[in-house]
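# Coordinate inspection notes
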Amino acid sequence: DAGITQSPRHKVTETGTPVTLRCHQTENHRYMYWYRQDPGHGLRLIHYSYGVKDTDKGEVSDGYSVSRSKTEDFLLTLESATSSQTSVYFCAISFGERFSPLHFGNGTRLTVT
Amino acid sequence: RKEVEQDPGPFNVPEGATVAFNCTYSNSASQSFFWYRQDCRKEPKLLMSVYSSGNEDGRFTAQLNRASQYISLLIRDSKLSDSATYLCVVNNQAGTALIFGKGTTLSVSS
């Protein structure tokens, strides 16, 4: 158990509504990541964080924002959800430095109707 | 060229078979290499790191070829429980994060 909790586990929402996904870790690991996984695309990096209030964009960041006000929480927000954001979202943490192996949460399955 | 490329498969093999997956990467400066395993509707889990000299963990052997920019995973004596998708992972060209291949699906049958 890597001590990572994602919430909610499942969510159905309507187009145009805001959605926030939460990733919580029980230890003080510095690096946290949000990925999305879609058939045919694999895992793609959305945003990542390298410390409190330190975040940066990944390859598919459009339409997403993140915040990290505490070490243990990394929030992913869809300001106005679209059907193209229907996906499985995984949070991951690195136990060591930036290119140490990642450990993933159980995922959040988001459906935008 | 995509940063990480894998043959999607599926690879269908009988129990006891030996199977090998390859993965190519575009960033010649990559320093970190891993293989992950992902079961259906589950999160990816680290299978093993890949070291320059090659490394083995039980029935699994990982190798790195820097000159040709590929890594490989060899599974010997395949078990039914090895059925999963195997993801190749390297650090990206920007040096900011780990990039995942799309995965290779393995199905082991009795």
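What comes next is a walk through the structure. (Residues numbered from 1 in each chain as written. Chains lettered and ligands numbered in written order. Predicted model: local features only at pLDDT ≥ 70, side-chain atom pairs only at ≥ 80, totals over all residues. Heavy atoms only, no water.)

## What to know about the nonpolar core
Ranked by size, the top nonpolar core spans 24 residues in total, and within it F21, W35, I71, L73, I75, Y86 and L106 of chain B carry the most contacts. Among the secondary structure elements, those contributing two or more residues to this core are β3 (19–25), β4 (33–38), β7 (60–65), β8 (70–75), β9 (84–91) and β11 (104–109) of chain B. Excluding its chain neighbours within four sequence positions, the residues that come into contact with I75 of chain B are A17, T18, V19, F21, R59, F60, D82, Y86 and L106 of chain B. Membership of the second largest hydrophobic core comes to 19 residues, among which are I4, I46, Y64 and C91 of chain A. (Core = buried A, V, L, I, M, F, W, Y, C linked by side-chain atoms within 4.5 Å. Buried < 20%, exposed > 50% of the residue type's maximum accessible area, 1.4 Å probe, protein only. Helix = DSSP H or I, 4+ residues; strand = E, 2+ residues; numbered from the N terminus. Contact = heavy atoms within 4.5 Å.)

## Here we look at the layout of surface pockets
Quantified by volume, the largest pocket comes out at close to 570 Å³. What lines the largest pocket is a set of 27 residues, and nearest its centre among them are Q37 of chain A together with Q38, C40, R41 and K42 of chain B. Here the element with the most residues in the lining of the largest pocket is β9 of chain B; it accounts for three residues. For the lining of the largest pocket, the class distribution of residues is seven nonpolar, 13 polar and seven charged. (1 Å grid on protein atoms, 1.4 Å probe; cavity = no way out; pocket = protein on both sides within 12 Å on 5 of 7 lines; lining within 4 Å. Points joined across faces, edges and corners; volume = space filled by probe spheres on them. Nonpolar A, V, L, I, M, F, W, Y, C, P; charged D, E, K, R; others polar.)

## Section: the sheet that holds strand β7 (residues 64–70) of chain A
Residue and element names in this part refer to chain A. Spatial ordering of the open sheet is given by β1-β3-β8-β7, a layout of four strands whose pairing is antiparallel. Here the strands that pair on one side only, and so sit at the sheet edges, are β1 (4–7) and β7. Pairwise comparison of adjacent strand axes, ignoring direction, gives a mean angle of 20 degrees for this sheet. Both strand β3 (residues 19–25) and strand β8 (residues 73–78) contribute to a ladder of six bridges, which runs antiparallel. Bridging across to β8, R22 finds its partner in L75. (Pairing = 2+ DSSP bridges. Axes fitted to C-alpha atoms, helices over the stretch in contact; angles between N-to-C directions.)

## What about the sheet that holds β7 of chain B?
All names here are of chain B. Sheet architecture is open: five strands sit in the order β1-β3-β8-β7-β6, paired in antiparallel fashion. In the strand order of this sheet, the two ends are held by β1 (4–6) and β6 (55–57), each with one partner. Across the sheet, the mean angle from the axis of one strand to that of its neighbour is 20 degrees, orientation sign disregarded. Bridging between β1 and β3 involves three bridges; their strand directions are antiparallel. Across the sheet, the residue bridging to E5 is T24, located in β3.

## Considerations on the interface of chain B and chain A
Listed as interface residues are 19 residues of chain B and, on the opposing side, 20 residues of chain A. Buried area between chain B and chain A, summed over both chains or domains, comes out near 1,600 Å², and the portion from carbon and sulfur atoms is 59%. Where chain B meets chain A, there are zero salt bridges. Put simply, chain B and chain A have four residue pairs in polar contact (both at pLDDT 80 or more) between them. Those elements that place two or more of their residues in the side of chain B that touches chain A are β4, β5 (45–49), β9 and β10 (98–100) of chain B. For the side of chain B that touches chain A, a count of residues per class yields nine nonpolar, six polar and four charged. (Buried area = accessible area lost by both parts, 1.4 Å probe. Salt bridge = Lys/Arg side-chain N within 4 Å of Asp/Glu carboxyl O. Polar contact = N/O pair within 3.5 Å; in protein donor to acceptor, adjacent residues only side chain to side chain.)

## Some details on the packing of aromatic side chains
Tallying each qualifying case throughout the model produces 13 aromatic pairs over all chains. Here Y33 of chain A and Y35 of chain A contribute two aromatic rings whose centre-to-centre distance is 6.4 Å and whose plane-to-plane angle is 35 degrees, an arrangement assigned as tilted. The exposure class of Y35 of chain A is buried, given its relative accessible area of 1%. Aromatic ring contacts, followed pair by pair, group Y33, Y35, Y48, Y50, F90 and F104 of chain A together with Y36 and F100 of chain B into a single cluster. (Phe/Tyr/Trp six-rings, centres within 6.5 Å; stacked < 30°, edge-to-face > 60°.)

## Points about the side chain of S30 of chain B
Relative to the helices and strands, S30 of chain B is located in the loop between β3 and β4. Not counting chain neighbours up to four residues away, the residues in contact with S30 of chain B comprise Y25, R66, V90 and N91 of chain B.

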